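What follows is each chain in one-letter form.
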Amino acid sequence: FLPRMLHVPELFEGAGGAILVLSDVTELARVDEMRAELVAVASHELRTPLTTLRMTLLMLEEGAAALSDRQRELVSTSVLGAAQLASTIDEYLDLTRIEAGQLRLDREPIEPAALVRDAIARAATLAADSGVRLETAIPDRLPLVVGDGARLRLVLDNVLSNALKYTPWGGRVAIEAAEEDGAIRIGIADTGPGIPAEYSERVFEKFFRVEHHLPNRERGGRGAGIGLYLCREIVGLHGGTIRCDEAPGGSGTRFTVRIPIQFSP
Ligand code: ADP
């Protein structure tokens, strides 16, 4: 009889005898819980002052007429930076929830064409600053899906910002959305360096990164390699899939997200 829950003991046998390793699962679970709590508290502590900062910056941006060109430029760079920081915090929170098996979707009816159009609007400044042309083929309306709007936004923002980050100046990012076989298919293709076929599954692993040597590589900063991992988890919770392959035309990458129209978990 064991008073507490224990892992199956591991036995290491060596020349001098054997060592029995017992790990206490209750203790491990407690440490895990503490870690999750710490991240949640830290994220909250970071988010509150960040909200104040973002509000202030947005107010400055609204009164931009009174600013010089240089000041306006500085404010919009700061707005972008603060928004990036906010979504990084959200990503870390979601990562902790996934690890704890606690990520729950907040479901609502979503119109996918509007979702994609909004993501494109958010990416427009970065695209212009990066010298990348956005080409879109989005119908006015698509059938509704039941999903978590904030999390699906995170998926699109991640894939779209990667496409922009890796596409050199003068390149193109093509975004399309369509209904296909009972699902909504969203395709995002770029003219960047491409992802070698042997990594096309591994890029969805946590912390996996491929180093690309691009002159504009510093554009989005060095990532942590969790973006696509989160995307796959989130799309999976919607009963959908996300994959990448070679972009049509032979150069660059195309990411394809599929979300079923009728999905009951
Ligand atoms: P991060 O961008 O933070 O490194 P991600 O999980 O978003 O992490 O992406 C994992 C890796 O996949 C990146 O390091 C990058 O090498 C590769 N990758 C993602 N999107 C593209 C793309 N559009 N073109 C080329 N490589 C990409």
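Here is what the cut-offs are and how they apply
- Residues numbered from 1 in each chain as written.
- Predicted model: local features only at pLDDT ≥ 70, side-chain atom pairs only at ≥ 80, totals over all residues.
- Heavy atoms only, no water.
- Core = buried A, V, L, I, M, F, W, Y, C linked by side-chain atoms within 4.5 Å.
- Buried < 20%, exposed > 50% of the residue type's maximum accessible area, 1.4 Å probe, protein only.
- Helix = DSSP H or I, 4+ residues; strand = E, 2+ residues; numbered from the N terminus.
- Contact = heavy atoms within 4.5 Å.
- Polar contact = N/O pair within 3.5 Å; in protein donor to acceptor, adjacent residues only side chain to side chain.
- 1 Å grid on protein atoms, 1.4 Å probe; cavity = no way out; pocket = protein on both sides within 12 Å on 5 of 7 lines; lining within 4 Å.
- Points joined across faces, edges and corners; volume = space filled by probe spheres on them.
- Nonpolar A, V, L, I, M, F, W, Y, C, P; charged D, E, K, R; others polar.

### Let's talk about the nonpolar core
1) Next: Ranked by internal contacts, the top residues of the largest apolar core, which has 46 residues, are Val116, Leu160, Val173, Ile175, Ile186, Ile188 and Ile242.
2) Next: Among the elements that make up this core, the one with the highest residue count is helix H4 (residues 149–166) (eight residues).
3) Next: Setting aside its immediate chain neighbours within four residues, Val116 contacts Ile138, Leu156, Ile175, Ala177 and Ile186.
4) Next: Grouped together as the second largest cluster of nonpolar side chains are nine residues, Leu57, Ala82, Ala86 and Ile89 included.

### Remarks on the side chain of Thr253
1) Next: Here Thr253 shows up in strand E9 (residues 253–260).
2) Next: Among the polar contacts made by the side chain of Thr253, one reaches the main-chain amide nitrogen of Ile195 at a distance of 3.4 Å.
3) Next: Excluding residues that lie within four positions of it along the chain, Thr253 makes contacts with Ile188, Ala189, Asp190, Gly194, Ile195, Cys244, Asp245 and Ala247.

### So, empty space enclosed by the protein
1) Next: Summed over all chains, the structure comprises two cavities of 30 Å³ or more.
2) Next: Its boundaries defined by the atoms lining it, the largest cavity holds a volume of some 80 Å³.
3) Next: What lines the largest cavity is simply Pro112, Leu115, Val145, Leu152, Val155, Leu156, Ile184, Ile186, Val257 and Ile259.
4) Next: The set of elements that each furnish at least two residues to the lining of the largest cavity consists of helix H3 (112–130), H4, strand E7 (183–190) and E9.
5) Next: Among the elements that line the lining of the largest cavity, the one with the most residues is H4, at three residues.
6) Next: Taken together, the residues of the lining of the largest cavity break down into 10 nonpolar, no polar and no charged.
7) Next: One number sums up the size of the second largest cavity: a volume of about 30 Å³.
8) Next: Listed by contribution, the elements that provide at least two residues to the lining of the second largest cavity are H3, H4 and E7.

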